[in-house]
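# Structure assessment
The primary structure of each chain is shown beneath.
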Amino acid sequence: MNLITIKNYIFPSTLEEAYGHLISNKNATLIGGGAFIRMGSKNISTAIDLSKCGLNSINELKESIEIGAMVTLGEIEASPILNKNFNNMLSNSVKEIVGVQLRNIATVGATVYSKYGFSDFNTALMVLDTKVKLYKGGIIPLEAFMAEKVASKDILQSIIIKSKYKNVSFKSMRNSRGDYAILNIAVSKNPTIKIAVGARPGRAVLAYNTMEYISNYGVNNKNLKDIYDIISNEIVFGSNSRGSSQYRQAICKVLLKKALLEVGYLEA
Ligand SMILES: Cc1cc2nc3c(=O)[nH]c(=O)nc-3n(C[C@H](O)[C@H](O)[C@H](O)COP(=O)(O)OP(=O)(O)OC[C@H]3O[C@@H](n4cnc5c(N)ncnc54)[C@H](O)[C@@H]3O)c2cc1C
(Lines give C-alpha, C1' and ligand atoms only; values in the text may rest on other atoms or scores of the structure.)
Protein backbone atom coordinates (compact mmCIF):
# COMPACT_ATOMS: atom_id res chain seq x y z
CA MET A 1 0.00 0.00 0.00
CA ASN A 2 1.25 3.49 -0.85
CA LEU A 3 1.23 5.89 2.04
CA ILE A 4 2.23 9.51 2.06
CA THR A 5 2.52 11.31 5.37
CA ILE A 6 2.85 15.07 5.39
CA LYS A 7 3.61 17.05 8.54
CA ASN A 8 3.16 20.59 7.19
CA TYR A 9 1.49 21.57 3.92
CA ILE A 10 2.34 25.11 2.87
CA PHE A 11 1.46 27.46 0.00
CA PRO A 12 4.30 29.97 -0.42
CA SER A 13 3.47 32.98 -2.56
CA THR A 14 6.98 33.57 -3.89
CA LEU A 15 9.75 31.33 -5.18
CA GLU A 16 12.13 32.87 -2.66
CA GLU A 17 9.90 31.65 0.15
CA ALA A 18 9.44 28.22 -1.48
CA TYR A 19 13.18 27.79 -1.98
CA GLY A 20 13.90 28.87 1.61
CA HIS A 21 11.65 26.04 2.88
CA LEU A 22 13.12 23.57 0.37
CA ILE A 23 16.69 24.01 1.53
CA SER A 24 16.06 24.42 5.22
CA ASN A 25 13.98 21.26 5.76
CA LYS A 26 15.57 17.86 5.11
CA ASN A 27 12.45 16.08 3.90
CA ALA A 28 10.79 19.07 2.29
CA THR A 29 9.23 18.24 -1.08
CA LEU A 30 7.87 20.42 -3.84
CA ILE A 31 4.34 19.63 -4.98
CA GLY A 32 3.34 20.30 -8.59
CA GLY A 33 0.10 18.50 -9.39
CA GLY A 34 0.92 15.82 -6.82
CA ALA A 35 -0.21 13.04 -9.19
CA PHE A 36 3.11 11.24 -9.42
CA ILE A 37 4.24 11.72 -5.84
CA ARG A 38 1.17 9.91 -4.55
CA MET A 39 2.10 6.78 -6.51
CA GLY A 40 4.80 6.02 -3.94
CA SER A 41 5.30 6.07 -0.18
CA LYS A 42 7.02 8.98 1.46
CA ASN A 43 7.37 10.85 4.75
CA ILE A 44 7.31 14.53 3.93
CA SER A 45 8.21 17.06 6.62
CA THR A 46 7.06 20.06 4.60
CA ALA A 47 5.07 19.81 1.38
CA ILE A 48 5.69 22.98 -0.62
CA ASP A 49 2.75 23.50 -2.94
CA LEU A 50 3.77 25.79 -5.81
CA SER A 51 0.24 26.62 -6.92
CA LYS A 52 0.28 30.16 -5.48
CA CYS A 53 3.68 31.18 -6.89
CA GLY A 54 2.32 32.59 -10.15
CA LEU A 55 3.78 29.86 -12.37
CA ASN A 56 0.62 28.84 -14.17
CA SER A 57 0.65 30.74 -17.46
CA ILE A 58 1.81 30.32 -21.04
CA ASN A 59 3.24 33.61 -22.31
CA GLU A 60 4.06 34.46 -25.91
CA LEU A 61 7.16 36.68 -25.92
CA LYS A 62 8.84 38.32 -28.91
CA GLU A 63 10.81 35.28 -30.11
CA SER A 64 9.92 32.63 -27.59
CA ILE A 65 7.18 31.15 -25.48
CA GLU A 66 7.52 30.79 -21.71
CA ILE A 67 5.57 28.02 -20.02
CA GLY A 68 5.28 28.24 -16.22
CA ALA A 69 6.08 25.19 -14.13
CA MET A 70 2.50 24.85 -12.85
CA VAL A 71 0.92 24.76 -16.31
CA THR A 72 -0.76 21.38 -16.64
CA LEU A 73 -0.35 18.89 -19.48
CA GLY A 74 -4.05 19.49 -20.21
CA GLU A 75 -3.30 23.17 -20.80
CA ILE A 76 -0.40 22.20 -23.07
CA GLU A 77 -2.79 20.04 -25.07
CA ALA A 78 -5.32 22.82 -25.54
CA SER A 79 -3.09 25.88 -25.92
CA PRO A 80 -3.73 27.81 -29.18
CA ILE A 81 -0.34 29.57 -28.77
CA LEU A 82 1.55 26.27 -28.62
CA ASN A 83 -0.51 24.60 -31.32
CA LYS A 84 0.03 27.52 -33.69
CA ASN A 85 3.80 27.69 -33.08
CA PHE A 86 4.64 23.99 -33.02
CA ASN A 87 2.05 22.59 -35.39
CA ASN A 88 0.22 20.73 -32.60
CA MET A 89 3.30 18.66 -31.74
CA LEU A 90 3.30 19.36 -27.99
CA SER A 91 -0.41 18.65 -27.91
CA ASN A 92 0.18 15.37 -29.76
CA SER A 93 2.91 14.40 -27.30
CA VAL A 94 0.62 14.62 -24.26
CA LYS A 95 -2.80 13.67 -25.57
CA GLU A 96 -2.32 9.92 -25.03
CA ILE A 97 -1.20 10.29 -21.41
CA VAL A 98 -3.74 8.38 -19.30
CA GLY A 99 -6.86 10.56 -19.36
CA VAL A 100 -8.19 14.09 -19.16
CA GLN A 101 -8.33 14.16 -15.36
CA LEU A 102 -4.67 13.22 -14.97
CA ARG A 103 -3.56 15.62 -17.69
CA ASN A 104 -5.43 18.40 -15.89
CA ILE A 105 -3.38 17.73 -12.76
CA ALA A 106 0.11 16.73 -13.92
CA THR A 107 2.42 19.73 -14.31
CA VAL A 108 5.13 20.78 -16.75
CA GLY A 109 7.62 21.68 -13.99
CA ALA A 110 7.51 18.27 -12.31
CA THR A 111 7.63 16.44 -15.64
CA VAL A 112 10.69 18.25 -16.95
CA TYR A 113 12.55 18.53 -13.63
CA SER A 114 12.10 14.85 -12.80
CA LYS A 115 13.37 13.72 -16.25
CA TYR A 116 11.12 10.66 -16.23
CA GLY A 117 12.36 8.10 -18.74
CA PHE A 118 8.82 7.32 -19.88
CA SER A 119 7.98 10.98 -20.52
CA ASP A 120 6.37 11.79 -23.85
CA PHE A 121 6.45 15.56 -23.36
CA ASN A 122 10.20 15.68 -22.66
CA THR A 123 10.98 13.83 -25.90
CA ALA A 124 8.99 16.40 -27.87
CA LEU A 125 10.70 19.31 -26.10
CA MET A 126 14.14 17.93 -27.00
CA VAL A 127 13.71 18.64 -30.72
CA LEU A 128 12.60 22.23 -30.15
CA ASP A 129 14.95 24.99 -29.03
CA THR A 130 14.07 24.59 -25.35
CA LYS A 131 15.67 26.10 -22.27
CA VAL A 132 14.95 25.35 -18.64
CA LYS A 133 14.71 28.19 -16.11
CA LEU A 134 15.74 27.09 -12.62
CA TYR A 135 15.35 29.31 -9.57
CA LYS A 136 18.97 28.77 -8.46
CA GLY A 137 20.60 27.16 -11.49
CA GLY A 138 19.55 29.88 -13.96
CA ILE A 139 18.65 29.30 -17.60
CA ILE A 140 20.23 26.27 -19.29
CA PRO A 141 19.52 24.38 -22.53
CA LEU A 142 17.21 21.40 -22.02
CA GLU A 143 19.74 19.14 -23.74
CA ALA A 144 22.39 19.91 -21.07
CA PHE A 145 19.82 19.71 -18.26
CA MET A 146 18.61 16.29 -19.41
CA ALA A 147 22.16 14.96 -19.50
CA GLU A 148 22.69 15.76 -15.79
CA LYS A 149 21.56 13.63 -12.85
CA VAL A 150 18.32 14.81 -11.20
CA ALA A 151 19.30 17.46 -8.66
CA SER A 152 17.12 17.56 -5.58
CA LYS A 153 17.32 21.14 -4.37
CA ASP A 154 16.19 23.52 -7.05
CA ILE A 155 12.86 24.67 -8.42
CA LEU A 156 12.00 24.58 -12.07
CA GLN A 157 10.38 27.93 -12.68
CA SER A 158 9.51 27.69 -16.38
CA ILE A 159 10.60 26.39 -19.74
CA ILE A 160 11.36 28.77 -22.60
CA ILE A 161 10.93 27.59 -26.18
CA LYS A 162 11.95 29.48 -29.30
CA SER A 163 8.77 30.17 -31.25
CA LYS A 164 7.75 29.05 -34.74
CA TYR A 165 9.14 25.53 -35.00
CA LYS A 166 6.50 24.27 -37.36
CA ASN A 167 8.11 21.39 -39.18
CA VAL A 168 7.94 18.90 -36.35
CA SER A 169 6.60 15.44 -35.66
CA PHE A 170 5.98 13.28 -32.58
CA LYS A 171 5.29 9.55 -32.75
CA SER A 172 4.86 6.99 -30.00
CA MET A 173 3.88 3.39 -29.58
CA ARG A 174 1.87 2.02 -26.62
CA ASN A 175 0.38 -1.37 -25.89
CA SER A 176 -2.84 0.31 -24.83
CA ARG A 177 -4.22 3.74 -24.04
CA GLY A 178 -3.26 4.79 -20.56
CA ASP A 179 -0.09 2.71 -20.48
CA TYR A 180 3.41 4.19 -20.70
CA ALA A 181 4.88 4.35 -24.20
CA ILE A 182 7.12 1.50 -25.34
CA LEU A 183 9.06 4.05 -27.33
CA ASN A 184 8.61 7.58 -28.55
CA ILE A 185 10.35 9.69 -31.18
CA ALA A 186 10.30 13.36 -32.08
CA VAL A 187 11.80 14.92 -35.21
CA SER A 188 12.17 18.56 -36.24
CA LYS A 189 13.49 20.10 -39.44
CA ASN A 190 14.06 23.76 -38.82
CA PRO A 191 16.01 23.83 -41.14
CA THR A 192 18.54 21.39 -39.62
CA ILE A 193 17.31 18.09 -38.32
CA LYS A 194 16.91 17.06 -34.68
CA ILE A 195 15.85 13.56 -33.63
CA ALA A 196 15.04 12.57 -30.04
CA VAL A 197 14.25 9.07 -28.80
CA GLY A 198 12.57 8.53 -25.41
CA ALA A 199 10.90 5.84 -23.32
CA ARG A 200 13.79 3.60 -24.39
CA PRO A 201 12.86 3.06 -21.46
CA GLY A 202 15.56 5.53 -20.38
CA ARG A 203 15.09 9.27 -20.62
CA ALA A 204 15.03 11.06 -23.97
CA VAL A 205 18.31 11.53 -25.84
CA LEU A 206 19.23 13.13 -29.15
CA ALA A 207 20.45 10.82 -31.93
CA TYR A 208 23.55 12.86 -32.84
CA ASN A 209 25.12 10.49 -35.38
CA THR A 210 21.85 10.01 -37.20
CA MET A 211 21.26 13.77 -37.25
CA GLU A 212 24.74 14.36 -38.68
CA TYR A 213 24.30 11.70 -41.36
CA ILE A 214 20.94 13.11 -42.46
CA SER A 215 22.31 16.68 -42.47
CA ASN A 216 25.07 15.53 -44.85
CA TYR A 217 23.24 13.08 -47.09
CA GLY A 218 19.53 13.69 -46.65
CA VAL A 219 17.05 10.81 -46.66
CA ASN A 220 15.98 8.69 -49.58
CA ASN A 221 14.68 5.19 -50.08
CA LYS A 222 18.21 3.95 -50.84
CA ASN A 223 19.93 5.20 -47.68
CA LEU A 224 17.06 4.48 -45.26
CA LYS A 225 18.65 1.18 -44.25
CA ASP A 226 21.93 2.98 -43.39
CA ILE A 227 19.96 5.47 -41.30
CA TYR A 228 18.24 2.63 -39.43
CA ASP A 229 21.64 1.03 -38.75
CA ILE A 230 23.08 4.29 -37.45
CA ILE A 231 20.21 5.00 -35.08
CA SER A 232 20.10 1.37 -33.91
CA ASN A 233 23.80 1.49 -33.07
CA GLU A 234 23.87 4.83 -31.30
CA ILE A 235 20.71 4.66 -29.17
CA VAL A 236 20.79 2.43 -26.11
CA PHE A 237 17.54 0.48 -25.91
CA GLY A 238 16.62 -1.36 -22.72
CA SER A 239 14.15 -4.09 -21.80
CA ASN A 240 11.31 -3.97 -19.32
CA SER A 241 7.84 -5.48 -18.92
CA ARG A 242 6.57 -3.45 -21.89
CA GLY A 243 9.11 -4.62 -24.44
CA SER A 244 12.57 -6.02 -25.05
CA SER A 245 15.48 -3.96 -26.35
CA GLN A 246 15.22 -5.78 -29.71
CA TYR A 247 11.54 -4.92 -29.96
CA ARG A 248 12.25 -1.27 -29.16
CA GLN A 249 14.97 -1.22 -31.81
CA ALA A 250 12.50 -2.53 -34.39
CA ILE A 251 9.82 -0.03 -33.33
CA CYS A 252 12.36 2.79 -33.55
CA LYS A 253 12.75 2.27 -37.29
CA VAL A 254 9.01 2.38 -37.88
CA LEU A 255 8.44 5.50 -35.79
CA LEU A 256 11.46 7.23 -37.31
CA LYS A 257 10.24 6.59 -40.84
CA LYS A 258 6.77 7.94 -40.01
CA ALA A 259 8.25 11.07 -38.44
CA LEU A 260 10.66 11.65 -41.35
CA LEU A 261 7.75 11.38 -43.76
CA GLU A 262 5.78 13.88 -41.73
CA VAL A 263 8.52 16.53 -41.72
CA GLY A 264 9.04 16.07 -45.46
CA TYR A 265 12.37 14.23 -45.54
CA LEU A 266 10.95 11.36 -47.50
CA GLU A 267 8.20 10.92 -50.01
CA ALA A 268 5.54 8.31 -49.30
C1 LIG B 1 -0.72 7.03 -13.28
C2 LIG B 1 0.19 7.91 -14.08
C3 LIG B 1 0.50 7.56 -15.37
C4 LIG B 1 1.34 8.39 -16.14
N5 LIG B 1 1.61 8.07 -17.44
C6 LIG B 1 2.42 8.87 -18.19
C7 LIG B 1 2.70 8.60 -19.56
O8 LIG B 1 2.25 7.63 -20.13
N9 LIG B 1 3.51 9.46 -20.24
C10 LIG B 1 4.05 10.56 -19.64
O11 LIG B 1 4.77 11.29 -20.31
N12 LIG B 1 3.80 10.85 -18.35
C13 LIG B 1 3.01 10.03 -17.61
N14 LIG B 1 2.79 10.32 -16.29
C15 LIG B 1 3.56 11.42 -15.66
C16 LIG B 1 2.87 12.73 -15.75
O17 LIG B 1 2.83 13.11 -17.11
C18 LIG B 1 3.70 13.79 -14.96
O19 LIG B 1 5.00 13.86 -15.50
C20 LIG B 1 3.81 13.43 -13.50
O21 LIG B 1 2.53 13.15 -12.99
C22 LIG B 1 4.48 14.55 -12.71
O23 LIG B 1 3.68 15.67 -12.63
P24 LIG B 1 2.98 16.08 -11.24
O25 LIG B 1 2.59 17.50 -11.38
O26 LIG B 1 1.95 15.09 -10.89
O27 LIG B 1 4.24 15.92 -10.24
P28 LIG B 1 4.29 15.83 -8.65
O29 LIG B 1 3.75 14.50 -8.20
O30 LIG B 1 3.73 17.04 -8.03
O31 LIG B 1 5.88 15.86 -8.45
C32 LIG B 1 6.74 14.89 -9.01
C33 LIG B 1 8.18 15.23 -8.58
O34 LIG B 1 8.57 16.49 -9.14
C35 LIG B 1 8.97 17.41 -8.11
N36 LIG B 1 8.53 18.75 -8.55
C37 LIG B 1 7.26 19.18 -8.74
N38 LIG B 1 7.25 20.42 -9.26
C39 LIG B 1 8.54 20.80 -9.36
C40 LIG B 1 9.20 21.99 -9.82
N41 LIG B 1 8.52 23.04 -10.33
N42 LIG B 1 10.55 22.04 -9.77
C43 LIG B 1 11.27 20.98 -9.31
N44 LIG B 1 10.72 19.83 -8.87
C45 LIG B 1 9.37 19.74 -8.90
C46 LIG B 1 8.27 16.91 -6.86
O47 LIG B 1 8.94 17.32 -5.68
C48 LIG B 1 8.34 15.40 -7.07
O49 LIG B 1 9.60 14.91 -6.71
C50 LIG B 1 1.94 9.54 -15.53
C51 LIG B 1 1.62 9.87 -14.21
C52 LIG B 1 0.75 9.08 -13.48
C53 LIG B 1 0.43 9.50 -12.07
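Residues numbered from 1 in each chain as written. Predicted model: local features only at pLDDT ≥ 70, side-chain atom pairs only at ≥ 80, totals over all residues. Heavy atoms only, no water.

The chain has the name FAD-binding protein in an unreviewed UniProt entry, where Alkaliphilus pronyensis is given as its organism.

### Overview of the overall build of the chain
Across its full length, the chain carries eleven helices and twelve strands. The globule rule puts the C-alpha radius of gyration for 268 residues at 18 Å, and the 19 Å found for the chain is close to it. When the backbone C-alpha atoms are referred to their principal axes, the chain occupies close to 60 × 45 × 30 Å. A buried classification covers 48% of the 268 residues belonging to the chain. (Helix = DSSP H or I, 4+ residues; strand = E, 2+ residues; numbered from the N terminus. Rg over C-alpha atoms; globule rule 2.2 N^0.38 Å. Buried < 20%, exposed > 50% of the residue type's maximum accessible area, 1.4 Å probe, protein only.)

### Here we look at the side chain of R200
By secondary structure assignment, the location of R200 is in the loop between β11 (193-198) and β12 (205-206). Buried and unpaired, R200 has no salt bridge, with E234 as the nearest side chain of opposite charge at 10 Å. Within the structure, R200 has its side chain in polar contact with the backbone oxygen of V236 (distance 2.8 Å). (Lys, Arg positive; Asp, Glu negative; His and termini not counted. Salt bridge = Lys/Arg side-chain N within 4 Å of Asp/Glu carboxyl O. Polar contact = N/O pair within 3.5 Å; in protein donor to acceptor, adjacent residues only side chain to side chain.)

### Considering the side chain of S169
Here S169 is to be found in strand β9 (residues 168-174). Given the relative accessible area of 1%, S169 is considered buried. Among the polar contacts made by the side chain of S169, one reaches the side chain of E262 at a distance of 3.1 Å.

### Describing helix α1 (residues 15-24)
Turning to α1, its buried residues number three or more, namely L15, A18, Y19 and L22. Take α1 and look down its axis: the buried residues cluster within an arc of 95°, on one side only. Exposed residues pointing more than 90 degrees away from the buried face of α1 are listed as E16 and S24. (Arc of directions from axis to C-beta.)

### A short note on the packing of aromatic side chains
Each aromatic ring pair is characterised by the separation of its centres together with the angle its planes make. Throughout the structure, instances matching the rule amount to eight aromatic pairs. Each ring, one from F36 and one from F118, has its centre 5.6 Å from the other, and the planes form 35°; the classification is tilted. Of this pair, F36 sits in the loop between β2 (29-31) and β3 (42-49) while F118 sits in the loop between α6 (108-114) and α7 (120-126), and the two are 82 residues apart along the sequence. Judged by relative accessible area, which is 37%, F36 ranks as partly exposed. Taken together through their ring pairs, the aromatic side chains of F36, Y116, F118 and Y180 make up a single cluster. The ring of F11 has K52 sitting right over it, with the charged end atom 4.6 Å from the ring centre. Over the aromatic face of F145 sits the side chain of K115, whose NZ or CZ is 4.0 Å from the ring centroid. (Phe/Tyr/Trp six-rings, centres within 6.5 Å; stacked < 30°, edge-to-face > 60°. Lys NZ or Arg CZ within 6 Å of the ring centre and 35° of its normal.)

### Details of the packing of helix α9 (residues 208-217) against helix α10 (residues 224-234)
At a closest axis distance of 8 Å, the pairing of α9 and α10 adopts a crossing angle of 155°. Relative to α10, the element α9 lies roughly antiparallel. Contacts from Y208, N209, T210, Y213 and I214 in α9 reach D226, I227, I230, I231 and E234 in α10. Partitioning the contact of α9 with α10 into residue classes produces six nonpolar, two polar and two charged. (Axes fitted to C-alpha atoms, helices over the stretch in contact; angles between N-to-C directions. Parallel < 35°, antiparallel > 145°, perpendicular 65-115°, else oblique. Contact = heavy atoms within 4.5 Å. Nonpolar A, V, L, I, M, F, W, Y, C, P; charged D, E, K, R; others polar.)

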